[in-house]
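Examination of the molecular architecture
Next come the chains, spelled out residue by residue.
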Amino acid sequence: MPGITIEFTEEELAELRAEAKEQGVAIKRLAHDILTEDVVRRRQRQKFIEGASAKFRLLAPEFLEAFPEGER
């Protein structure tokens, strides 16, 4: 399985070890899960924003026509 090397300060590594121990998982598993969750969440958020923006661009002209600035 491909891998990456990530450098941590001694303090960061100590915190990761402590968290892994508390959760009862290997530090590699904890680091993988944290990184994966963060990346997936950011990508999903970006896709949501892109979809919402596209929908806004589609509906905005009709909304602005139906509700002139003085009525909003």
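Quick caveat, the model's predicted, so the values are computed rather than measured.

Right, let's get into the layout of surface pockets. Taking a probe equal in size to a water molecule and rolling it over the atoms shows the remaining empty space. In this structure, the largest pocket encloses a volume near 480 Å³. Taken together, 17 residues line the largest pocket, and the ones lying closest to its centre are Ile4, Ile6, Lys28, Ala31 and His32. Among the elements that take part in the lining of the largest pocket, helix H2 (residues 27–66) stands out by supplying 8 residues, more than any other. Looking at the lining of the largest pocket residue by residue, the class counts come to 11 nonpolar, 4 polar and 2 charged.

Now for the packing of aromatic side chains. Taken as a whole and judged by the stated rule, the model has 1 aromatic pair. Taking 5.0 Å as the distance between ring centres and 40° as the angle between the ring planes, the aromatic pair formed by phenylalanine 63 and phenylalanine 67 counts as tilted. On the accessibility criterion, phenylalanine 67 (38% relative accessible area) is partly exposed.

Here the idea is simple: oppositely charged side chains can pair when their charged atoms come close. Applying the stated criterion across every chain yields a total of 4 salt bridges. Between arginine 29 and aspartate 33 there is a salt bridge, and its shortest N-O distance comes to 3.4 Å. On the criterion of helical spacing, the pair formed by arginine 29 and aspartate 33 is a turn pair, its members being 4 residues apart in helix H2. Residue class for arginine 29 comes out partly exposed when judged on its relative accessible area of 42%. Residue aspartate 38 is joined to arginine 42 by a salt bridge in which the shortest nitrogen-to-oxygen separation is 3.2 Å. Taken as a pair, aspartate 38 and arginine 42 lie in helix H2 at a separation of 4 residues, close to a single helical turn.

Reading the values: rules and limits
- All residue numbers here refer to positions counted from 1 along the written sequence of the relevant chain.
- Totals for whole chains, interfaces and linings use every residue, but because this is a predicted model, local features are given only for residues with pLDDT of at least 70 and side-chain atom pairs only at 80 or more, for both listing and counting.
- The side-chain values count all of the structure's non-hydrogen atoms but skip hydrogen atoms and water molecules.
- Grid points spaced at 1 Å and placed over the protein atoms alone form the basis of the search, with a cavity being a set where a 1.4 Å probe fits but cannot get out and a pocket an open set showing protein on both sides within 12 Å along at least five of seven lines. Lining residues have an atom within 4 Å of a point.
- Grid points are joined across faces, edges and corners, and a volume is the space filled by probe spheres set on the points.
- Runs of H or I in DSSP of at least four residues are treated as helices and runs of E of at least two as strands, each being numbered from the N terminus.
- Each residue gets one of three labels, nonpolar for Ala, Val, Leu, Ile, Met, Phe, Trp, Tyr, Cys and Pro, charged for Asp, Glu, Lys and Arg, and polar for the others, Gly among them.
- Any two of the Phe, Tyr and Trp rings considered here, Trp counted by its six-membered ring, make a pair once their centres fall within 6.5 Å; the pair's planes then place it as stacked at under 30 degrees, edge-to-face at over 60, or tilted in between.
- Relative accessibility under 20% of the residue-type maximum defines a buried residue, over 50% an exposed one, and the middle range a partly exposed one, all with a 1.4 Å probe and only protein chains included.
- Should a side-chain nitrogen of Lys or Arg be within 4 Å of a carboxyl oxygen of Asp or Glu, the pair is scored as a salt bridge.

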